[in-house]
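Analysis of the macromolecular model
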Amino acid sequence: LDTFLLSCRVIGRMAEIAFLREILDRCAARGARRLTAEYRPTPKNGLVRDFLPLNGFRATADGYYGVDLPPILPAEVPIVVRVGTPEETRTENAQ
């Protein structure tokens, strides 16, 4: 994983986990069996220091983080995708 950049306004709203899950799922669908990432500490990104370990990545001997695919991510993070207009979604939820 080369670059995973998000606005600080997005971090903490679970969007970062949804994006990571999608990346991992797409990699697995294309046959990848492992994803490697690097956390580079800077004065501005301390907020996400634990992001990779909290999402199934393990520190490797060479200083990177890796996760075997298919991903095993925290189950308590629900991701719901609704397709359609707000009116369709309202009707769908009422049934």
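So, here is what we can say about the structure in this document. (Residues numbered from 1 in each chain as written. Predicted model: local features only at pLDDT ≥ 70, side-chain atom pairs only at ≥ 80, totals over all residues. Heavy atoms only, no water.)

**Looking at the nonpolar core**
Rules: Among buried residues, the Ala, Val, Leu, Ile, Met, Phe, Trp, Tyr and Cys ones that are joined through side-chain atoms within 4.5 Å form a nonpolar core. Classification of residues uses two cut-offs on accessible area relative to the type maximum, computed with a 1.4 Å probe and protein chains only: under 20% is buried, over 50% is exposed, and between them is partly exposed. Only DSSP runs of H or I reaching four residues or more are called helices, and only runs of E reaching two or more are called strands; each is numbered from the N terminus. Only heavy atoms matter for contacts: two residues are in contact if any of them lie within 4.5 Å across the pair.
Judged by nonpolar contacts, the single largest core of 13 residues is most densely connected at Leu24, Leu52, Phe57 and Val67. Sorting the residues of this core by element identifies α1 (15–29), β1 (34–37), α2 (51–54) and β3 (65–68) as the ones contributing at least two each. Sort the elements by how many residues they give to this core and α1 lands first, with 4 residues. What Val67 contacts, discounting residues up to four positions off in sequence, is Leu24, Arg33, Arg34, Leu35, Gly56 and Phe57.

**Some points on the pattern of salt bridges**
As a reminder of what qualifies: In the sections that follow, a salt bridge refers to a side-chain nitrogen of Lys or Arg positioned within 4 Å of a carboxyl oxygen of Asp or Glu.
All chains considered together, the criterion is met by 3 salt bridges. Between Arg26 and Glu22 there is a salt bridge whose closest N-O contact spans 2.7 Å. Remark: Glu22 and Arg26 occur in helix α1; sequence separation between them is 4 residues, near one turn of the helix. Residue classification places Glu22 among the partly exposed positions, given a relative accessible area of 39%. Here Arg34 ties to Asp68 by a salt bridge, and the two come within 2.8 Å at their closest N and O atoms. On the criterion of sequence distance, the pair formed by Arg34 in strand β1 and Asp68 in strand β3 is long-range, its members being 34 residues apart. On the basis of relative accessibility, which here comes to 51%, the residue Asp68 falls in the exposed class.

**Here we look at α1**
Keep this limit in mind: The span you would expect from a helix comes to 1.5 Å times its residue count less one. The arc under discussion is defined with respect to the helix axis, by the directions toward the C-beta atoms.
Between its first and last C-alpha, α1 extends 21 Å over 15 residues, near the 21 Å set by a 1.5 Å rise per residue. Within α1 the residues assigned to the buried category are Glu16, Ile17, Leu20, Leu24 and Ala28. Across the axial projection of α1, the buried residues extend over an arc of 100°, all falling on one side. Looking at the buried residues of α1, the elements they touch are β1, α2 and β3.

**Describing the pairing of β1**
Selection rule: One bridge is not enough; two strands pair if DSSP finds at least two bridges between them.
Because side chains alternate across β1, one face comprises the buried residues Leu35 and Ala37, and the other comprises Arg34 and Thr36, none of which is buried. Here 4 bridges tie β1 to β3, and the two strands are oriented antiparallel to one another. Among the inter-strand pairings, Leu35 is bridged to a residue of β3, identified as Val67.

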